[in-house]
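Results of the structural survey
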Amino acid sequence: MKESRFVRTSVGNVRLHVLPTDRFKTFAISMYIGSPLNEQRITPTALTPFVLRRGTKSYPETKAFRERQDELYGAGFGFDVLKRGDYQIVHFRLDIVDDKFVSDGQSLLRQGLAFLGETVTKPALENNHFVNKYVEAEKATVRKKLEAVINDKIRYASERCMEEMCKNEPYRLSSLGRIEDLDAITPDSLYADYQKWLAESPIDLYIVGDTTLKEAEQFVRETFDFPARKDVTYLPLSPQSAVGEVKTVIEKLDVNQGKLNMGLRSSVTYADDRYASALMYNGILGAFPHSKLFVNVREKESLAYYAGSRLDGHKGILTIQSGIEVQNFEKATAIIKQQLAEMEAGVYSDRELNQTRAMIENHLREIRDSAFEMIGFDFNSMLSGKERTVDDLVEAIAKVTPQSIQEVAREVKLDTIYFLRDRKEE
């Protein structure tokens, strides 16, 4: 089968996306359940998949739950809690061997879907709520993950920059929630939040492998038991691109190396036809070893241990991260601003343009080699409301001009400078 695009239907309120292909030896299954970033519900939502992985109605003990994965020829089950724009996304994934490689009388795809469906919709319960010992254990797990952020100073500085930049926006929230919310969560309150989450959140189910839309739809109808509800979908995001006076925030902790982060806003998002130009902008500025930030801040001036940029295409936010000696704050800030000015002035060498284009196109082509990467790429389209394929974006990258990059650059505005430094007096 040589399908190059996902084919789609709906099963109840679950949107089903299937890519029939015989290129892989396994079935890749992903389920995305998304909800708006919300201060009251972000921590219960983050905690929920940790509790769901502990057991189901049929396999209420964690040991039996994991043994069931072994019975499915070592099926790989896992999850992530992500932040995409102003949405918190719980991503469940299951990797299970293709039927034709084993001598099992039953469809492994159907069994895998049944396992995932039960995991999400029929958790282990006691007294009509989540199992207390599971909830308490996983609260401790989430607490440790949140506490660990302070020890990872690169991640800490990145999150703090966004907290300061987006003080009045949901985007300031961490996808894993807040430590201060954990103590108040009970098995009963978490189960109530979980039921509300399933009833109100868009659900997208992806299957990549040697199957058909008709077969996959039949298996999903037989194995999934989601509550009846109204149709829900993701709302289009309007990026907040207006910037007033640039904020400078300096925080002092026990660190040996300063972390200089900058947050910038743009009106160009994943759904915009100019998204390819925004990718080129970010690539030339700081995404690669040949980029302006790496070459000028780290290599030429030896000011940074690392220097780069990252684009959140769903939010229209670009971030710059660098690790510097504390005494180099002013000089490093000035040189980074100089690179931003060059981007706005349209100063791009042929080397920067050609290498950036080649790097992005190569990365996009590599997506085709991974079923889960293809799923992730397509889900970005669903989330943004702008359907495009890998080939569409490769073609758009090839057509990007210096002028179109400059148009994007003129809309990128510095919003916040965040500097994490030591406690010593200057």
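See the structure above.
Predicted model, so just to flag it, every value in this text is computed and none were measured. (Residues numbered from 1 in each chain as written. Predicted model: local features only at pLDDT ≥ 70, side-chain atom pairs only at ≥ 80, totals over all residues. Heavy atoms only, no water.)

Along the protein chain, the regular secondary structure elements total 15 helices and 13 strands. With respect to the principal axes defined by its C-alpha atoms, the protein chain has extents near 65 × 50 × 35 Å. When contacts within the protein chain are restricted to residue pairs at least 6 apart in sequence, those whose partners lie at least 24 apart make up 80%. Working note: accessible area of the protein chain is about 19,300 Å², and carbon and sulfur atoms make up 46% of it. (Helix = DSSP H or I, 4+ residues; strand = E, 2+ residues; numbered from the N terminus. Contact = heavy atoms within 4.5 Å. Areas by Shrake-Rupley, 256 points an atom, 1.4 Å probe, with all protein chains shown as cover.)

Moving on, we get to the side chain of Gln88. Structurally, Gln88 can be placed in strand S5 (residues 87-97). Here Ser175 takes part through its backbone oxygen, which lies 2.8 Å from a polar atom of the side chain of Gln88. Beyond its immediate chain neighbours, meaning those up to four positions away, Gln88 contacts Ile33, Gly34, Ser35, Leu37, Arg41, Ile42, Thr45, Ala46, Val81, Leu82 and Ser175. (Polar contact = N/O pair within 3.5 Å; in protein donor to acceptor, adjacent residues only side chain to side chain.)

Another point: the packing of aromatic side chains. The geometry of an aromatic ring pair is captured by two quantities: the separation of the ring centres and the angle between the planes. Under the counting rule described, the total for this entry stands at 18 aromatic pairs. Where Phe50 meets Phe79, the ring centres are 4.9 Å apart and the plane angle is 85°; that geometry is what we call edge-to-face. With a gap of 29 residues between them, Phe50 in helix H1 (residues 42-52) and Phe79 in strand S4 (residues 76-84) connect regions that are remote in the sequence. Note on Phe77 and Phe115: the rings are 5.9 Å apart at their centroids and 85° apart in plane angle, and the pair reads as edge-to-face. Of the two residues, Phe77 sits in strand S4 while Phe115 sits in helix H3 (residues 108-121), which places them 38 residues apart along the sequence. Through a chain of ring-to-ring contacts, three or more aromatic side chains come together here, namely Phe6, Tyr32, Tyr87, Tyr206, Tyr234 and Phe379. (Phe/Tyr/Trp six-rings, centres within 6.5 Å; stacked < 30°, edge-to-face > 60°.)

Strand order in this open sheet of 6 strands is S1-S2-S8-S3-S5-S4, and the pairing throughout is mixed. Of all strands in the sheet, those with a lone pairing partner are strand S1 (7-11) and S4, marking the two edges. Averaged over neighbouring strand pairs, the angle between their axes works out to 20° when direction is ignored. Sitting on the sheet, helix H8 (residues 213-223) touches S1, strand S2 (14-20) and strand S8 (203-209), and the angle it makes with S1 is about 20°. Packed onto the sheet, helix H13 (residues 371-384) meets S1, S2, strand S3 (26-36), S4, S5 and S8 and runs at close to 30° relative to S3. (Pairing = 2+ DSSP bridges. Axes fitted to C-alpha atoms, helices over the stretch in contact; angles between N-to-C directions.)

This paragraph deals with the side chain of Gln339. Along the chain, Gln339 turns up in helix H11 (residues 329-345). For Gln339, the residues in contact, after removing those within four places along its chain, are Leu285, Lys292, Leu293 and Asn296.

Right, let's talk about the sheet that holds strand S10 (residues 258-265) for a bit. Pairing in this open sheet of 5 strands is mixed, and the strands run S9-S13-S10-S12-S11 from one edge to the other. This sheet does not close on itself; its edge strands, each paired only once, are strand S9 (247-252) and strand S11 (304-312). Pairwise comparison of adjacent strand axes, ignoring direction, gives a mean angle of 15° for this sheet. One ladder, built from 7 bridges, connects S10 with strand S13 (residues 413-421); its direction is antiparallel. Across the sheet, residue Gly263 finds its bridge partner in S13, namely Thr416. Across the sheet, helix H5 (residues 153-165) lies against S9, S10, S11, strand S12 (317-324) and S13, angled at about 40° from S10, the strand it touches most. In the packing of helix H9 (residues 275-287) onto the sheet, the strands contacted are S11 and S12, and the crossing angle to S11 comes to about 175°.

Moving on, we get to the nonpolar core. Grouped together as the largest cluster of nonpolar side chains are 64 residues, with contacts concentrated most on Val208, Leu260, Tyr281, Ile320, Leu364 and Ile405. The element contributing the most residues to this core is H9, with 8 residues. Leave out the neighbours within four places in its chain, and Ile405 touches Ser277, Met280, Tyr281, Ile284, Met343, Tyr348, Leu353 and Val400. Membership of the second largest hydrophobic core comes to 54 residues, among which are Val14, Ile29, Ala75 and Leu205. (Core = buried A, V, L, I, M, F, W, Y, C linked by side-chain atoms within 4.5 Å. Buried < 20%, exposed > 50% of the residue type's maximum accessible area, 1.4 Å probe, protein only.)

Summed over all chains, the structure comprises 46 salt bridges. When the shortest N-O distance is used, the salt bridge between Asp415 and Arg265 registers 2.9 Å. Pair noted here: Asp415 is in strand S13 and Arg265 is in strand S10, with a separation of 150 residues, a long-range link. Here Asp415 matches Arg265 in class, with each residue buried. One salt bridge in this structure joins Glu352 and Lys292, with 3.2 Å as the shortest N-O distance. Taken as a pair, Glu352 in helix H12 (residues 350-367) and Lys292 in helix H10 (residues 292-300) lie far apart in primary sequence, 60 residues in all. In this structure Glu352 comes out as buried when scored by relative accessible area, which is 10%. Under the relative-accessibility criterion, Lys292 is labelled buried at 3%. When salt bridges with common partners are traced through the structure, they connect Asp86, Glu169, Lys247, Arg265, Lys315 and Asp415 into a single cluster. (Salt bridge = Lys/Arg side-chain N within 4 Å of Asp/Glu carboxyl O.)

If you check helix H4 (residues 132-148), its first and last C-alpha atoms are 24 Å apart, about what 17 residues at 1.5 Å a residue would give, namely 24 Å. Looking at H4, one finds that the buried residues are Tyr134, Val135, Glu138, Lys139, Val142 and Leu146. End-on, the buried residues of H4 take up no more than an arc of 130°, which puts them together on one face. Taken together, the buried residues of H4 touch H1, helix H2 (62-71), strand S7 (129-130), helix H6 (179-182) and helix H7 (187-200). (Expected span 1.5 Å × (residues − 1). Arc of directions from axis to C-beta.)

The tally for this structure, following the rule as stated, stands at 0 disulfides. Between Cys161, a cysteine without a disulfide, and Cys166, which holds the nearest cysteine sulfur, the sulfur-to-sulfur distance is 8.5 Å. When its relative accessible area of 1% is taken as the criterion, Cys166 is described as buried. (Disulfide = S-S within 2.5 Å.)

So, on to the environment of Ser35. Inspection of the secondary structure assignment puts Ser35 in strand S3. The spacing of Ser35 and Phe294 is 259 residues in sequence and 36 Å in space, taken between C-alpha atoms. If we ignore the near neighbours within four places in the chain, the residues touching Ser35 are Thr45, Tyr87, Gln88, Trp197 and Ser201.

The quantities given are spatial measurements derived from coordinates; they are silent on function.
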